Amino acid sequence: MKFALVTLALAATVAAEVYFKETFDDNTWEERWIQSKHKDDYGEFKLSAGKFYGDEKRDQGIKTSQDAKFYSRAAKFEKDFSNAGKTVVIQYTVKHEQGIDCGGGYVKVMAADANLEDFHGETPYNLMFGPDICGPTKKVHVIFSYKGKNHLIKKDIRCKDDVLTHLYTLILNPDNTYEVQIDGEKVESGDLESDWDMLPAKTIKDPDAKKPEDWDEREYIDDEADTKPADWEQPEHIADKDAKKPEDWDDEMDGEWEPPMIDNPEYKGEWKPKQIKNPAYKGKWIHPDIENPEYTPDDQMYKYDSWGAIGFDLWQVKAGTIFNNVIVTDSIEEAKEHAAERFEPLREAEKEKKEAADKEEAAKLEAEEKKRKEEEEKKKSEEKEEDDDEEEEKEEKHDEL
């Protein structure tokens, strides 16, 4: 039995496949990542580890380098594959070191026959995944292509908007479920049918059903036996009987004097009969549902016959985003190991160096503020001395006179 369990474990390990992995270790990345020629003025990606890192070679990725530009580069997988019956994990790191104000940070995963030299916004893809920020909008896109149409997730997943590196992971399972992780922590999960409008609704309102004409939805009605009291009608405002005409009032000049109006304490407002329970009340009519004849369940929603390329097709107003540690695999454990090897060391080193830099900057600002105040006090003191000298000189001249 023990031997059988070990054999199964080994088989599971062997079965795990990594279809694509990119860590941008050197300039050879440019040979693998094809620059689109769809436009003439795409922005350039350049190798950079950014301001804060641990090991420069390990932590360097490709960085958007020009403001207000489209970026479009993509790479082919070593082999085409189908995810029929298996999990697919898409994972990579994003660092918006520039403090991005408006721009994308997502990837698009495409079929093997995608023309990468013409890769652009309308190029068909299997899925699009990752952060997108513009003003107050800060979301993680999860968009699936289904029967020729791109479908956006109905849930709102907030992305990270600081200047540090973050790990984005999408897990797509063969049971039509998914999970989105940021920095290894689950931030959203569910199933494709519920969280996307890929399929028509299971039920629809019965088009032949109509509310009966005698259906009474009024829970309370007027009490017909209730009558308005005889003394109910009173004016809302009355003349102030205590007011007196001013002594200097001139009827010829000011017109006939009238006392000001005040709220009538006897005014009771509009009379309404009291409400009683409606004996004919049937409750709110609910439009009945029927099965949607256009709905057909699909247990293959997750499946794509071809996966073969991944790319960045982005617009950024303010450049400076660094992408790295891209992996496409059918193993969640493989993705976790890759993150442990690449992302975790960077995150710790980056955090430590960022905190040190922040402290240094704060100390610098504090010193500058202290210097500014000292100079301000010195200037005030000098101006006071000058004023005192002028005053003393005036007094001396006065005494001479």
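Residues numbered from 1 in each chain as written. Predicted model: local features only at pLDDT ≥ 70, side-chain atom pairs only at ≥ 80, totals over all residues. Heavy atoms only, no water.

With that settled, consider the UniProt feature "binding site: an alpha-D-glucoside" (unreviewed entry) in the protein chain. The UniProt record marks Tyr 106, Lys 108, Tyr 125, Asp 132 and Asp 313 with the feature "binding site: an alpha-D-glucoside" (unreviewed entry), using the residue numbering of this structure. Mapped onto the elements, Tyr 125 comes out in the loop between β8 (107-110) and β9 (127-134). Assessed through its relative accessible area of 8%, Tyr 125 is described here as buried. Setting aside chain neighbours within four positions, we find Tyr 125 in contact with Lys 108, Val 109, Met 110, Ile 143, Ser 145 and Asn 150. At 3.3 Å, the side chain of Tyr 125 and the side chain of Asn 150 are in polar contact. Within the element layout of this structure, Asp 132 appears in strand β9. When neighbours within four sequence positions are excluded, Asp 132 is seen to be in contact with Gly 103, Gly 104, Tyr 106, Thr 137, Lys 138, Lys 139, His 141 and Cys 159. (UniProt positions renumbered as here; feature names shortened; annotations may be inferred. Helix = DSSP H or I, 4+ residues; strand = E, 2+ residues; numbered from the N terminus. Buried < 20%, exposed > 50% of the residue type's maximum accessible area, 1.4 Å probe, protein only. Contact = heavy atoms within 4.5 Å. Polar contact = N/O pair within 3.5 Å; in protein donor to acceptor, adjacent residues only side chain to side chain.)

Take the pairing of β9 next. Among the 8 residues that make up β9, 7 are buried, leaving the element largely enclosed by the rest of the structure. Looking at chain direction, strand β7 (residues 102-104) and β9 are connected through 3 bridges and run antiparallel. Residue Gly 103 lies in a different strand from β9, and its bridge partner there is Ile 133. Strand direction decides the pairing type here: β8 and β9, joined by 3 bridges, are antiparallel. By the bridge assignment, Lys 108 is partnered in β9 with Met 128. Bridge analysis of β9 against strand β10 (residues 137-146) gives 8 bridges, and the strand direction is antiparallel. Residue Leu 127 lies in a different strand from β10, and its bridge partner there is Phe 144. (Pairing = 2+ DSSP bridges.)

Moving on, we get to the pairing of β10. Counting buried positions over the 10 residues of β10 gives 7, a clear majority of the element. Between the antiparallel neighbours β9 and β10 lie 2 residues, among them Gly 135 with a positive phi of about 60°. If you look at the hairpin formed by β10 and strand β11 (residues 149-152), you'll find 2 residues sitting between the two strands, and Lys 147 has a positive phi there, around 55°.

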